[in-house]
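Examining the three-dimensional arrangement
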Amino acid sequence: MSGHENERRRPGQVKEVTSLTNPIIKDIRALAQKKYRDREHAFIAEGQKLVIDAFDAGWTIRTLLYAKAGRGNEAVERLAARTVATGGLVLIVSEKVLSTITKRDNPQMVLGVFEQKTVKLETLKPADGEVWVALDRVRDPGNLGTVLRTVDAVGAKGLILVGDCTDPFSFETVRATMGSIFAVPIVRANEQAFLSWRKGFSGRVVGTHLKGSVDYRTVDYTKGSILLLMGNEQQGLPDRLAESCDTLVRIPQAGRADSLNLAVATGVMLYEIRRAALPLEERADA
């Protein structure tokens, strides 16, 4: 990819591309693989809404691609102008090119290549009242994307990915966040670094565990900062992480299922933890 860096970086550039063998298109297609995303520190956001969300949140765009059918579309042209103004490259492409990049038969008209952005764990000092979520070795992109979206929805502050997690910047995860990838700070850390950081964390660490002795609804989440620690989809919290929790809670179940989906369980917990910050709304017709 680096061989085309200068060409891509030249500000004010707009070009038309129809060939799948174009070197820039080949570079963008390679971002479907994690090793290339990591190497280039870049990822793809598909769809006009996500691209607008990214711009509005101050993320750096490298390349904007849009279908020829988008010519003359005021919103698309505005995105193109914003891209050029920040030194990015605008490519007007065929629908076939977009389909090949997104691996979809009916791709959205616009996609953007953005620079990845994460937060360093050592800089993280949650303030009083803040809620953070830590996920241990989350494997499913849909789960990760849904958790990011839920963290955003409840007004929690950010997400710590512990250990070997699925990539938050994969196509599947970014799609599942519905734009919240651009609103939620993400921290990546190995387990040892996380446990070391946890020792200096003065707030309360709450973990969900099948062996949790406390019903999640009976805990007072209103004092200090809260870190919600959720285990892996298959194995739950390992002992090392469970032992780092101040409180282990369980979510009671009445049916035959023996466990909840990770994203659902995280959502249930977050809405309870943030209950005081999300008061009942007065209905206008009440």
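Residues numbered from 1 in each chain as written. Predicted model: local features only at pLDDT ≥ 70, side-chain atom pairs only at ≥ 80, totals over all residues. Heavy atoms only, no water.

**So, the pairing of strand β6 (residues 131-136)**
Within a regular strand, the side chains alternate between the two sheet faces. Burial runs high along β6: six of the six residues are buried. Judged by which residues are buried, β6 turns out to be covered on both faces: Val131, Val133 and Leu135 on one side and Trp132, Ala134 and Asp136 on the other are all buried. When β6 meets strand β7 (residues 158-162), the two strands line up parallel, connected through five bridges. Its bridge partner being in β7, alanine 134 is matched across the sheet by isoleucine 160. Viewed along the sheet, the connection from β6 through helix α7 (residues 141-154) into β7 turns out right-handed. (Buried < 20%, exposed > 50% of the residue type's maximum accessible area, 1.4 Å probe, protein only. Helix = DSSP H or I, 4+ residues; strand = E, 2+ residues; numbered from the N terminus. Pairing = 2+ DSSP bridges. Right-handed = clockwise from strand over helix to strand, strands pointing away.)

**Quick look at unusual backbone geometry**
If you check the backbone angles, histidine 41 has positive phi at about 55° while not being a glycine. Tracing the backbone through its elements, the reader meets histidine 41 in the loop between α3 (34-40) and β2 (42-46). Backbone geometry at lysine 103 places phi at a positive 60°, although glycine is not the residue there. Its place among the elements puts lysine 103 in the loop between α6 (95-102) and β5 (110-115).

**Description of the side chain of glutamate 46**
Relative to the assigned elements, glutamate 46 resides in strand β2. Overall, glutamate 46 belongs to the buried group, its relative accessible area being 6%. A polar side-chain atom of glutamate 46 sits 3.5 Å from the main-chain amide nitrogen of glutamine 108. For glutamate 46, the side chain forms a polar contact with the side chain of arginine 175, separated by 3.0 Å. Setting aside chain neighbours within four positions, we find glutamate 46 in contact with Thr102, Arg104, Pro107, Gln108, Val110, Leu111, Phe171 and Arg175. (Polar contact = N/O pair within 3.5 Å; in protein donor to acceptor, adjacent residues only side chain to side chain. Contact = heavy atoms within 4.5 Å.)

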